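Close look at the chain arrangement
Letter by letter, the chains look like this.
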Amino acid sequence: MQVIAYGAHASDQPLEPLTITRREPGAHDVRIDIAYCGICHSDLHQVRSEWEGTQYPCVPGHEIVGRVASVGGHVSGFKVGDLVGVGCIVDSCKHCADCDKGLENYCDGMIGTYNFPTPDAPGWTLGGYSQQIVVHERYVLRIKHPAAQLAAVAPLLCAGITTWSPLRTWGAGPGKKVGVVGIGGLGHMGIKLAHALSAHVVAFTTSESKREAALELGADEVVVSRNPQEMAAHGKSFDLILNTVAAPHDLDAFLVLLKRDGTLALVGAPASNHPSPNVFNLIMKRRSIAGSMIGGIPETQEMLDFCAEHGIVADIELVRADEINQSYERMLKGEVKYRFVIDNSTLAG
Ligand code: NAP
Ligand code: ZN
């Protein structure tokens, strides 16, 4: 069936309304009326072809929430009207070691929610800046938050899980000192989640204007990373630093803040690489630099349930579909606190 979407026809073109085709739901599929979709910085990287291989038209969006519109004959876990979410994954091979462990995000056959190959028209996946999406039930998440919070739940589907997974992997919790670098969509969720996991949280920002705001999000301390004295005061003290910055920068400035065996976990995915860090900064204290990509489906559900229990949602600014291009520019300037979310009911004009 045909639905209205918002996407771009080329890397240098603005996003505009277009009509796309969604497949008829198969036996294991869930058809979802999308109520809201978050705007992730990855959407901008992809639609502007800052990463390689963008197919056009490109319809971004992988922070999808809405209600089940219909289900295939073999779907037992969802029924019409349920509040559900879809994140960055809409398919995977379902039988490799990664899929068996619920780490579909690391399956070599993972199909991302947009710009991945699919038999559906037009041959690559089209994301959540659209009225509906059809997804295999395995990749559909259950939302237990009150319906009134639905728009602010959307960013949990990417920003939430992308920060939750490394926080859990590297043991953020009581007695641990955790840094979060870059207070944008991902970073603000990283602060909220690390705080809720009872870690001591230090926010690193380049923006003096976010100092107070980061404390309100749950940071115990804030460091303006452009200030060398403030940085030096935290030398050799962190168990984990989660780096969400969307641009290349000096990693050594953060490596030296890790204590022995500490980890700098990179989740920001800039268009070009960071300068190579100083090897001695790794050797001297057996420090690690690691990476982490979103999270698997079971841990995404775990994160959503944790957030529902703890009353955690994103801080959002709701925008109309015709404000998406302007929102991209404002995101680049760091002018959003902290995530734009599209009201998909405005796609129809
Ligand atoms: P965002 O909202 O734009 O936040 C990025 C933050 O990084 C900014 O708010 C800013 O925080 C800081 N920053 C410092 N210098 C910057 C610069 N020159 N350019 C841009 N940001 C700068 O972006 P996001 O949606 O949180 O995404 C962050 C990155 O994570 C993107 O590269 C995105 O593609 C990537 N990502 C990765 C995964 C994964 O699975 N690993 C998943 C989702 C997104 P301050 O003002 O506080 O300094
Ligand atoms: Zn994302």
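An unreviewed UniProt entry annotates the chain as NAD(P)-dependent alcohol dehydrogenase originating from Pseudomonas ulcerans. Quoted straight from UniProt, the Sequence similarities (unreviewed entry) entry for the chain says "Belongs to the zinc-containing alcohol dehydrogenase family." What UniProt records for the chain under Cofactor (unreviewed entry) is the sentence "Zn(2+)".

Turning next to the site of ligand 1. Neighbouring ligand 1 are 28 residues, the closest being His-41, Thr-205, Thr-206, Ser-207 and Arg-339. Within the contact set of ligand 1, an oxygen atom lies 2.8 Å away from a side-chain nitrogen or oxygen of Ser-42. When ligand 1 is considered free in solution it has 900 Å² of accessible area, and contact with the protein chains removes 85% of it. Where the shell around ligand 1 is concerned, the elements lending two or more residues are helix H1 (41-47) and helix H5 (185-196). The biggest single contributor to the shell around ligand 1 is H1, with three residues.

With that settled, the discussion passes to the pairing of strand E12 (residues 221-224). Alignment of strand E11 (residues 200-205) against E12, held across four bridges, turns out to be parallel. Along E12, the bridge assignment pairs Val-202 with Glu-221.

Moving on, we come to the UniProt feature "domain: Enoyl reductase (ER)" (unreviewed entry) in the chain. Within this numbering scheme, the UniProt entry marks residues 7-342 as carrying the feature "domain: Enoyl reductase (ER)" (unreviewed entry). In the segment residues 7-342, helix accounts for 24% and strand for 25%; the C-alpha atoms at its two ends are 13 Å apart.

The next thing to look at is helix H4 (residues 159-169). Burial of H4 is extensive: nine of the eleven residues sit out of reach of the surface. Those residues of H4 lying buried are Ala-159, Gly-160, Ile-161, Thr-162, Thr-163, Trp-164, Ser-165, Pro-166 and Leu-167. The inward-facing, buried residues of H4 contact strand E10 (177-181), H5, strand E13 (238-243), strand E14 (258-266), helix H10 (297-310) and strand E17 (339-343). Of the residues trailing H4, Gly-171 is marked for its positive phi of about 70°.

About the criteria used
- Residue indices begin from 1 for each chain and proceed along its sequence in written order.
- The order in which chains are written sets their letters, starting at A; the order in which ligands are written sets their numbers, starting at 1.
- For a predicted model such as this one, the threshold for reporting local features is a pLDDT of at least 70, and the threshold for listing and counting side-chain atom pairs is 80 or more; totals across whole chains, interfaces and linings nevertheless cover every residue.
- Remark: hydrogens and water are excluded; side-chain values derive from all non-hydrogen atoms of the structure.
- UniProt positions are given in the numbering used here, feature names are shortened, and annotations may be inferred rather than shown by experiment.
- A cutoff of 4 Å decides nearness: a residue is near a molecule or strand if any of its heavy atoms lies inside that distance of it.
- Polar contacts here mean pairs of N or O atoms no more than 3.5 Å apart (in protein, one a potential hydrogen donor and the other a potential acceptor; neighbouring residues in sequence count only if both atoms are side-chain atoms).
- Throughout, the Shrake-Rupley method with a 1.4 Å probe supplies accessible areas, and for residues the shown protein chains are the sole cover considered.
- Note on conventions: DSSP H or I runs of at least 4 residues are helices, E runs of at least 2 residues are strands, and numbering of each starts at the N terminus.
- For two strands to pair, DSSP has to find at least two bridges joining them.
- Only protein chains enter the accessibility calculation, which uses a 1.4 Å probe; a residue whose area is less than 20% of its type maximum is buried, one above 50% is exposed, and one in between is partly exposed.
- A contact between two residues is defined here by any heavy atoms of the two lying within 4.5 Å.

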